[in-house]
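# An overview of the molecular structure
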Amino acid sequence: MPFNKNKKMIIRSANFVKSSAELQQCPEHNLPEYVFIGRSNVGKSSLINMLTGINALAKVSGTPGKTQLINHFEINKSWYLVDLPGYGFTKTGKKQRAVFADMNTKFITNRENIACLFVLIDSRHEPQSIDTTFVDWLGANGIPFAIIFTKTDKLKPAVLTANIEAYKNHLLETWEELPPIFTSSSVNRNGKEEILNYIDQINTDLELTK
Ligand code: GTP
Ligand code: MG
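Residues numbered from 1 in each chain as written. Chains lettered and ligands numbered in written order. Predicted model: local features only at pLDDT ≥ 70, side-chain atom pairs only at ≥ 80, totals over all residues. Heavy atoms only, no water.

This part is about the overall build of the chain. For the chain, the helix and strand inventory stands at 5 helices and 7 strands. Listed N to C, the secondary structure of the chain is β-β-α-β-β-α-β-α-β-α-β-α in terms of helices and strands. Scaling as 2.2 N^0.38, a compact globule of 210 residues should have a C-alpha radius of gyration of about 17 Å, and the chain matches this with 16 Å. Expressed as lengths along the three principal axes of its C-alpha atoms, the size of the chain is roughly 45 × 40 × 35 Å. Among the 210 residues that make up the chain, the fraction classed as buried is 47%. Of the contacts made within the chain by residues no fewer than 6 positions apart, 74% connect residues no fewer than 24 positions apart. (Helix = DSSP H or I, 4+ residues; strand = E, 2+ residues; numbered from the N terminus. Rg over C-alpha atoms; globule rule 2.2 N^0.38 Å. Buried < 20%, exposed > 50% of the residue type's maximum accessible area, 1.4 Å probe, protein only. Contact = heavy atoms within 4.5 Å.)

Take a look at the structure:
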């Protein structure tokens, strides 16, 4: 369905609801959830703050491994943003990393509210197997996802375009079709409107199919 470019999602309210250590503790509701996942330090929590316009809503840190629980934020009393712990951070320790992986996997595979999972990838890097393996796993499990290339403020536009092209080509080696792809910067707010419009579009589609 084409996007209505004139329509702009307005964030009227954004509230932290709960941090959960496991799926069973997550809030019970029937609203759609948009989940942010990716390597530690990629900018998941910062993006949640940027999208909602509330700087301290999700906890951000220069030290990887900041988010350690499943965090639910209720937006406009009609949908949720979910911040997950990052994957792939070596200093977290093997045991803790396994706990995060288990928490994330159980949440992603069992949470019925998930409307879309946003996989965040640092736009500065070449395709990393930890991300592409995860994307392959999502595809194989039929989980709806989109990719967001983060920290675009750190790159010149031509380099950004080249990096994204390289990533697309890499994905096309495995997949016939590309997922929706966005770019973001929590510094200059690149991507805010596009990502919110995409969420709005899915929310509308879900309403229509109810
Ligand atoms: P974990 O919770 O550890 O998994 O990390 P995270 O993915 O939630 O990252 P977080 O939002 O905490 O950001 C990590 C670091 O990157 C912080 O120092 C942020 O200020 C910085 N950062 C996040 N997004 C951007 C961005 O778009 N541009 C720039 N320049 N820095 C960013
Ligand atoms: Mg975080």
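Further remarks concern the coordination of the magnesium ion (ligand 2). Looking at the magnesium ion (ligand 2), one finds its protein donor set to be Ser45 (OG) and Thr67 (OG1), positioned 2.0 to 2.2 Å from the metal centre. Taken together, the positions of serine 45 in helix α1 (residues 44-52) and threonine 67 in the loop between α1 and β3 (70-75) put the pair 22 residues apart, joining distant regions of the chain. (Donors = N, O, S within 2.8 Å, 3.2 Å for Na, K, Ca; no water.)

Counting 28 residues, the largest nonpolar core has Phe107, Leu117 and Val119 as its most contacted members. Elements with a contribution of two residues or more to this core: β2 (33-38), α2 (94-110), β5 (114-122), α3 (129-140), β6 (145-150) and α4 (157-172). One finds Met9, Ile48, Leu81 and Ala115 within the second-largest nonpolar core, a separate group that totals 27 residues. (Core = buried A, V, L, I, M, F, W, Y, C linked by side-chain atoms within 4.5 Å.)

We now examine α3. End to end, α3 covers 16 Å across 12 residues, agreeing with the expected 16 Å (1.5 Å per residue, within 8%). Residue glycine 142 follows α3 closely and has a positive phi angle near 65 degrees. (Expected span 1.5 Å × (residues − 1).)

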